[in-house]
Protein chains: 2
Amino acid sequence: MKEKNSKNNRISLSEVARAAGVSKMTASRVLRGEGGYSEKTRDRVMEKVDQLGYLPNRLATVFAGDQSSTFVGVSIPDLGNEVFAQVLEGIDRKLGSFGRQTVLGLTQHTQQEEENWIRTVLSWQPAGLILTGRYHSPRATEMLRNAGIPIVEIWDLNSSPLDMSVGINHFDSGFDMGRYLTSCGYSNIGYVGTSHDTANAATTRLDGFCKAVEGGGGRVVKQLCLHDTATYYPGFYGTEQLLASGSGVECIFYQNDAMAFGGLQYCGSKGMQVPQDIGIAGWGDLPIASVIARRLTSMHVPHLKLGQAAAEMMIGRLNDEPVETCRDIGFRLIPGTTVRNA
Amino acid sequence: MKEKNSKNNRISLSEVARAAGVSKMTASRVLRGEGGYSEKTRDRVMEKVDQLGYLPNRLATVFAGDQSSTFVGVSIPDLGNEVFAQVLEGIDRKLGSFGRQTVLGLTQHTQQEEENWIRTVLSWQPAGLILTGRYHSPRATEMLRNAGIPIVEIWDLNSSPLDMSVGINHFDSGFDMGRYLTSCGYSNIGYVGTSHDTANAATTRLDGFCKAVEGGGGRVVKQLCLHDTATYYPGFYGTEQLLASGSGVECIFYQNDAMAFGGLQYCGSKGMQVPQDIGIAGWGDLPIASVIARRLTSMHVPHLKLGQAAAEMMIGRLNDEPVETCRDIGFRLIPGTTVRNA
DNA sequence: AAGCTTTAAGTTACCCGTAACGTAAGCATA
DNA sequence: TATGCTTACGTTACGGGTAACTTAAAGCTT
């Protein structure tokens, strides 16, 4: 019934060695190019390797030595959000160029999923982990501490990371947006986002945003946290809900650009003029934002670069190079044309 | 210098067993809940497991038995393309729910990258592979054949797959689009896409498209294959190039929606009316397409479902269930409002 | 030619679990 | 009381590589 698969019929090093008439150890040396064999022997072994189609078993190698694997576990909340897809792309490209492989985990923004994934992936002896976010469950934190491998926490800059951290200060980015909107003359401002119950970067942004708005004499009159994904359509109906509540909102800040596009679309469908009738500001600066007719007011974050930086820090640490433990990748406000100009 | 990391200081089963005063084997039985031990023993072992923070080493488990790992290798061309990000999300979610992990490989649309990745990932004894596309290098094909593990080729439906295949018939989808545009009264049609030298699904779509257009009495007067990524900006400048060549194009079909948005933007910036002055058709139906004011004429493909289906086929095969080897996930034409209505 | 070093191997032990088999104690049965 | 069966363990061997050690032969010195 349950047929044994793979391995059994795979060619092993012993078989190559036997075919070449040498010991396993000699074949191993040849394959690693470690020296200690004659040219004749090398050629004989390599000939058999090609002939038999031998593929080394890295599981055994890791197992044998004290080396850790070439895997790096990478946890990402979700890929529906283009931003994280780009971060992942940056990570995987860079890791790949250093001979490392990405083991993916989509945590769906929950600590429980993340914890489960961490447990599983650690059992595979990864060389290191790259995690999105700085908030982990207590059990996860304990496992991470005990793992004794390099860990990079990305996205949300963490001045006291588990190990290393790269990202931006979300509070500051929210603060800057709040200050900008205030400087544009808005004082009654709304917010549309999603809630994931747990603390996260979006919440931190909102905190910074409110602080700046209130500090500037304005008010965040309405905060809407939908139980939904942070995508276009929730942005659309979230805007509808917010405006229906009649709180005199002049401008809306969204959790991200996708939601802001939804809001833009809602306003357009109701004949409202942007920014004359209402201001719209997103966050994240999606690639499409730069090509759509109306330039969305947003906050640019170098996503690809962020991913690459995370991978570089990981590689550096794995190679025992000195690595800064905390790296701020920065952000940049995109004034755009969807809020009125002061 | 090169400090030994991980493993060495990780708690092993023997240590748990010793602490609990039983043999390794008994501890192993307890952890697998396989029976053959007393309650008292179980409690003692589990107490030590918690106390020492023992995490099993799956490498050793795989190694010990003849089982293969819980890894599934997944190769994807790139994540800048939202479409593939969604496919990957579908795959990883589904695999994860069955206790499998995704080992990612971004092939950047090249067979050489794919081949390198396949070689590496096979050395990790994956349970199976999910590959995007049906075209692989000869060496890759040989390795895949010899691997003796389930393989799902996705995206481009393949009636004679290496093992299993799920996707759509790109020729047909191009054909349908060609027929539709022809039926809208267009006869001088242009195409803007990218070339990756090798055969791929986009090329197949174009073939089907040309066939339908020519069969309907029209002509694909200008085909532009840029050496660039299939994203917004190349769509923008590709449109500029195409129109500058003055070939009297009435309508443009793009490799994907992102490029079509770029084209839409170019036309808008030049004061051209869509669809009065020129028709624009994309492919793929990006999520944003449904929320932008103007509904883009496109071809809808259920990306997430495609990914899930691929994962399901993989899981089915791994569980020795009967699995259809070829699954057509289908597509649907979105008439949209960016081409004129016949 | 004896003694030493280098080269090109082979041998052994080990990594961490699990399969397969062995065994001692407890209990029921004839 | 002898026999067989069950329960609850323990012991041994193994998987595919590699580190560390050993060995045999060849090359070099003096």
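Residues numbered from 1 in each chain as written. Chains lettered and ligands numbered in written order. Predicted model: local features only at pLDDT ≥ 70, side-chain atom pairs only at ≥ 80, totals over all residues. Heavy atoms only, no water.

Student: When you look at the pairing of strand β8 (residues 251-254) of chain A in this model, what are you seeing that I'm missing?
Tutor: The side chains of a regular strand alternate between both faces of the sheet. Residues and elements named next belong to chain A. Alternating residues of β8 divide into Cys251 and Phe253 and Ile252 and Tyr254, and every residue in both groups is buried. Two strands pair when backbone bridges link them, and β8 and strand β9 (residues 279-281) are joined in this way by 3 bridges, in the parallel orientation. What sits directly across from Phe253, in β9, is Ala281. (Buried < 20%, exposed > 50% of the residue type's maximum accessible area, 1.4 Å probe, protein only. Helix = DSSP H or I, 4+ residues; strand = E, 2+ residues; numbered from the N terminus. Pairing = 2+ DSSP bridges.)

Student: Whenever I open this one, the sheet that holds strand β11 (residues 326-328) of chain B confuses me. Can you help?
Tutor: Adjacent strands of a sheet pair through backbone hydrogen bonds, lying either parallel or antiparallel. Across the sheet, 12 strands lie side by side as β11(A)-β5(A)-β4(A)-β3(A)-β1(A)-β2(A)-β2(B)-β1(B)-β3(B)-β4(B)-β5(B)-β11(B); this open sheet has mixed pairing. A strand with exactly one partner marks an edge of an open sheet, and here the two such strands are β11 (326-328) of chain A together with β11 of chain B. On average, each strand axis in the sheet is tilted by 20° relative to the strand beside it, whichever way the strands run. In terms of strand pairing, strand β1 (residues 71-76) of chain A meets strand β3 (residues 128-132) of chain A through 4 bridges, oriented parallel. Along β3(A), the bridge assignment pairs Gly73(A) with Leu129(A). (Axes fitted to C-alpha atoms, helices over the stretch in contact; angles between N-to-C directions.)

Student: Hey, could you run me through the relation of the copies chain B and chain A in this one?
Tutor: Copy one and copy two of the chain differ by a rotation about a common axis and a shift along it. Between chain B and chain A, the superposition needs a rotation of 180° and an axial shift of 0.1 Å, giving an RMSD of 0.2 Å. Expressed as an axis order, the relation between the two copies is that of a two-fold axis. In terms of C-alpha distance to the rotation axis, chain B has Val103(B) as its closest residue, with the C-alpha 2.3 Å off the axis. The overlap is high: 100% of the interface residues of chain B also sit at the interface in chain A, so the same surface is used on both sides. (Least-squares fit on C-alpha atoms with pLDDT ≥ 70 in both. Contact = heavy atoms within 4.5 Å.)

Student: Sorry, what's going on with the protein's contact with DNA strand D here?
Tutor: Taken together, 24 residues lie near DNA strand D, and Lys24(A), Ser28(A), Ser23(B), Thr26(B) and Ser38(B) sit nearest. At the protein interface, 51% of the atoms of DNA strand D within 4 Å belong to sugar or phosphate. Between DNA strand D and the protein, one listed contact pairs a base nitrogen with a side-chain N or O atom of Arg29(B) at 2.9 Å. Between Thr41(B) and DNA strand D, the recorded distance is 2.7 Å, taken from a side-chain N or O atom to a phosphate oxygen. (Near = heavy atom within 4 Å. Polar contact = N/O pair within 3.5 Å; in protein donor to acceptor, adjacent residues only side chain to side chain.)

Student: Please clarify how the protein's contact with DNA strand C should be interpreted in this entry.
Tutor: Around DNA strand C there are 22 residues in total, and Thr26(A), Ser38(A), Thr41(A), Lys24(B) and Ser28(B) lie nearest to it. Restricting the count to atoms of DNA strand C within 4 Å of the protein gives a sugar and phosphate share of 56%. In the model, a phosphate oxygen of DNA strand C is placed 2.6 Å from a nitrogen or oxygen of the Ser38(A) main chain. In the model, a phosphate oxygen of DNA strand C is placed 2.9 Å from a nitrogen or oxygen of the Leu13(B) main chain. Among the elements of the structure, α2 (24-32) and α4 (58-64) of chain A together with α2 (24-32) and α4 (58-64) of chain B are those that each provide at least two residues to the surface near DNA strand C. Considering every element that reaches the surface near DNA strand C, the biggest residue donor is α2(B), with 4 residues. Looking at the surface near DNA strand C residue by residue, the classes come out as 10 nonpolar, 9 polar and 3 charged. (Nonpolar A, V, L, I, M, F, W, Y, C, P; charged D, E, K, R; others polar.)

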